[in-house]
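Spelled out from the first residue to the last, the chains are:
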Amino acid sequence: MMFTSDSTGRTLRMDGSKEQVPAVEGWFTMDAENPELIGSHCSTCNTYYFPKETNFCRNPDCSSSELLEVKLSTEGVLWSFTNNCYAPPEPYIKADPFVPYAIAAVELKKEKMVVLGQIVEGVQVEDLKAGMNMKLKLDRLYEKENQEFMVWKWEPIQEGESA
């Protein structure tokens, strides 16, 4: 892909597409095909954290301050879900007009911790069922000028499919 710069020094794609950047830096990888959440792991007590913890283990039974950065599971089980039918307050950047969306609590396969996230566009609350297998996807949260701000979202795994 060819890039150029505008008068402010920002990198622009010559094909007119917008630059994809993370909405929250350091929380997930920007691999479009296989995004991963970035967490931490305490090897002393085997506790995982998301977002990553860098100072100390929050487990009250553990006094370790040695936490390793780890990539977390990309699949899990739908634990709970709901829909959001009202526009969250600032600093949330919302579409105008606001478009309702579904939110999921997914228990990660390996870590057995629950991570919240939006459901991909096109999947309604009526399509969801607790216990469904889900996979992590990278998707646009909002656009601004020449950038798309990306975030992780959850998508149901179709029968016979694996991430």
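A brief structural summary.

Definitions and cut-offs
- Residues numbered from 1 in each chain as written.
- Predicted model: local features only at pLDDT ≥ 70, side-chain atom pairs only at ≥ 80, totals over all residues.
- Heavy atoms only, no water.
- Helix = DSSP H or I, 4+ residues; strand = E, 2+ residues; numbered from the N terminus.
- Buried < 20%, exposed > 50% of the residue type's maximum accessible area, 1.4 Å probe, protein only.
- Areas by Shrake-Rupley, 256 points an atom, 1.4 Å probe, with all protein chains shown as cover.
- Phe/Tyr/Trp six-rings, centres within 6.5 Å; stacked < 30°, edge-to-face > 60°.
- Salt bridge = Lys/Arg side-chain N within 4 Å of Asp/Glu carboxyl O.
- Pairing = 2+ DSSP bridges.
- Axes fitted to C-alpha atoms, helices over the stretch in contact; angles between N-to-C directions.
- Core = buried A, V, L, I, M, F, W, Y, C linked by side-chain atoms within 4.5 Å.
- Contact = heavy atoms within 4.5 Å.

The secondary structure content of the protein amounts to 0 helices and 11 strands. Out of the 163 residues in the protein, the part that is buried amounts to 35%. If you sum the accessible surface of the protein, you get close to 10,300 Å²; carbon and sulfur atoms cover 49% of it.

Attention now goes to the packing of aromatic side chains. Counting across every chain of the model gives 7 aromatic pairs. Ring geometry for Trp27 and Phe50: centres 5.6 Å apart, planes at 75°, overall edge-to-face. Placement of the pair is Trp27 in the loop between β3 (19–22) and β4 (38–42) and Phe50 in the loop between β5 (47–49) and β6 (67–71), with a sequence separation of 23 residues. Residue class for Trp27 comes out partly exposed when judged on its relative accessible area of 31%.

This paragraph deals with the pattern of salt bridges. Counting across every chain of the model gives 9 salt bridges. One salt-bridge network, in which partners are shared between bridges, spans Lys18, Arg140, Glu143 and Glu148.

Paired through their backbone hydrogen bonds, the strands of a sheet run either parallel or antiparallel. In space, the 3 strands of this open sheet follow the order β5-β4-β6, with antiparallel pairing throughout. Looking at strand neighbours, the two that pair on one side only are β5 and β6, the edges of this open sheet. Between one strand axis and the next, the sheet turns through 30° on average, direction left out of account. By the bridge criterion, 3 bridges tie β4 to β5 in an arrangement that is antiparallel. Looking at the pairing, Cys42 lines up with Thr47 of β5.

Now for the pairing of strand β11 (residues 147–156). Burial analysis of β11 places 8 of its 10 residues in the buried class, the great majority of the element. Here 4 bridges tie β3 to β11, and the two strands are oriented parallel to one another. Its bridge partner being in β11, Glu19 is matched across the sheet by Gln147. Summarising the sheet, strand β9 (residues 114–119) and β11 pair through 2 bridges and their orientation is parallel. In the sheet register, Ile119 faces β11, and the bridge partner there is Trp154. Counted along the chain from strand β10 (residues 133–144) to the antiparallel partner β11, the turn is 2 residues long, and its residue Glu145 has a positive phi close to 50°.

Residues Leu37, Val115, Ile119, Trp152 and Trp154 are the most contacted members of the largest nonpolar core, which totals 23 residues. What Leu37 contacts, discounting residues up to four positions off in sequence, is Trp27, Phe28, Phe50, Val70, Lys71, Leu72, Val115, Leu136 and Trp152. Grouped together as the second largest cluster of nonpolar side chains are 5 residues, Cys42, Tyr49, Cys57 and Leu67 included.

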